[in-house]
Amino acid sequence: AQRVTQPEKLLSVFKGAPVELKCNYSYSGSPELFWYVQYSRQRLQLLLRHISRESIKGFTADLNKGETSFHLKKPFAQEEDSAMYYCALGRYYKLSFGAGTTVTVRA
Amino acid sequence: NAGVTQTPKFRILKIGQSMTLQCTQDMNHNYMYWYRQDPGMGLKLIYYSVGAGITDKGEVPNGYNVSRSTTEDFPLRLLSAAPSQTSVYFCASSYVSGGVYEQFFGPGTRLTVL
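Residues numbered from 1 in each chain as written. Chains lettered and ligands numbered in written order. Predicted model: local features only at pLDDT ≥ 70, side-chain atom pairs only at ≥ 80, totals over all residues. Heavy atoms only, no water.

Colleague: I'd like to hear about the layout of surface pockets, residue by residue, with values.
Modeller: Reported here for the largest pocket is a volume of approximately 520 Å³. Together, 22 residues line the largest pocket, and Gln 38 of chain A together with Gln 37, Val 88, Phe 90 and Arg 110 of chain B are the ones closest to its centre. Of all the elements in the fold, those that place two or more residues in the lining of the largest pocket are β9 (83-91) of chain A together with β9 (87-97) and β11 (109-113) of chain B. It is β9 of chain B that contributes the most residues to the lining of the largest pocket, three residues altogether. Residue classes in the lining of the largest pocket are distributed as nine nonpolar, nine polar and four charged. Approximately 370 Å³ is the volume attributed to the second largest pocket. The wall of the second largest pocket is formed by 16 residues, among which Gln 2, Leu 95 and Ser 96 of chain A together with Leu 45 and Glu 59 of chain B lie closest to the centre. Elements represented by at least two residues in the lining of the second largest pocket include exactly β1 (3-5) and β10 (94-97) of chain A together with β5 (43-51) of chain B. No other element matches β10 of chain A, which puts four residues into the lining of the second largest pocket. The class makeup of the residues in the lining of the second largest pocket is six nonpolar, four polar and six charged. (1 Å grid on protein atoms, 1.4 Å probe; cavity = no way out; pocket = protein on both sides within 12 Å on 5 of 7 lines; lining within 4 Å. Points joined across faces, edges and corners; volume = space filled by probe spheres on them. Helix = DSSP H or I, 4+ residues; strand = E, 2+ residues; numbered from the N terminus. Nonpolar A, V, L, I, M, F, W, Y, C, P; charged D, E, K, R; others polar.)

Okay, structure coming up:
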């Protein structure tokens, strides 16, 4: 069975500091991994996917198959990054979500 | 485009009552999904559909039913409400192109069963 673990429920950082959200997965096949974000009073939306290898809003995530991780990183956090972040594992166009990490960026 | 719309936004049910959560998308997506999110937990897949007339169970289907008569609509029915079904329900739809896909979510329905 596939599973996604986000060990931190809450993460608080100062503006301008680096932020890293951890995500570990268990899956026997080739994983498709995503980060979704939900800003206050907005819908859940895709932030980035591992196959695109892109940087969105300054965030990057690297798939490490050896450590079965897909951590999300940003070198300089901004106040507008305060949100709920979900790591998700995709299989046959369905997603399994982690429990989420609430990020608060303080001025 | 409105994207994915859900009605109602909030609802309180008594134990044993039934209701239908509505979901409509105007993006002509083939794939649609229903999730529930309990406090402090991630979203769990209830049912999904890969096209009109085709539905299948997700991780937590018990106590629910779905149908997909059109591409646009994917209603979720609670058969006999139980307190364990108190949750926030999200509908989503997805395009699939060359193996790449992205799920678009509705605003959610907050359901309380008393």
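Colleague: Hey, could you go over the sheet that holds strand β7 (residues 64-66) of chain B for me, with residue numbers and the actual values?
Modeller: Residues and elements named next belong to chain B. Spatially, four strands are ordered β1-β3-β8-β7 in an open sheet, and the strand pairing comes out antiparallel. Strands with a single pairing partner mark the edges of an open sheet, and in this sheet they are β1 (4-7) and β7. Each adjacent strand pair in this sheet contributes to an overall mean axis angle of 20 degrees, direction not counted. Here β1 runs beside strand β3 (residues 19-25); their pairing, made up of four bridges, is antiparallel. By the bridge assignment for β3, Val 4 is matched with Gln 25. (Pairing = 2+ DSSP bridges. Axes fitted to C-alpha atoms, helices over the stretch in contact; angles between N-to-C directions.)

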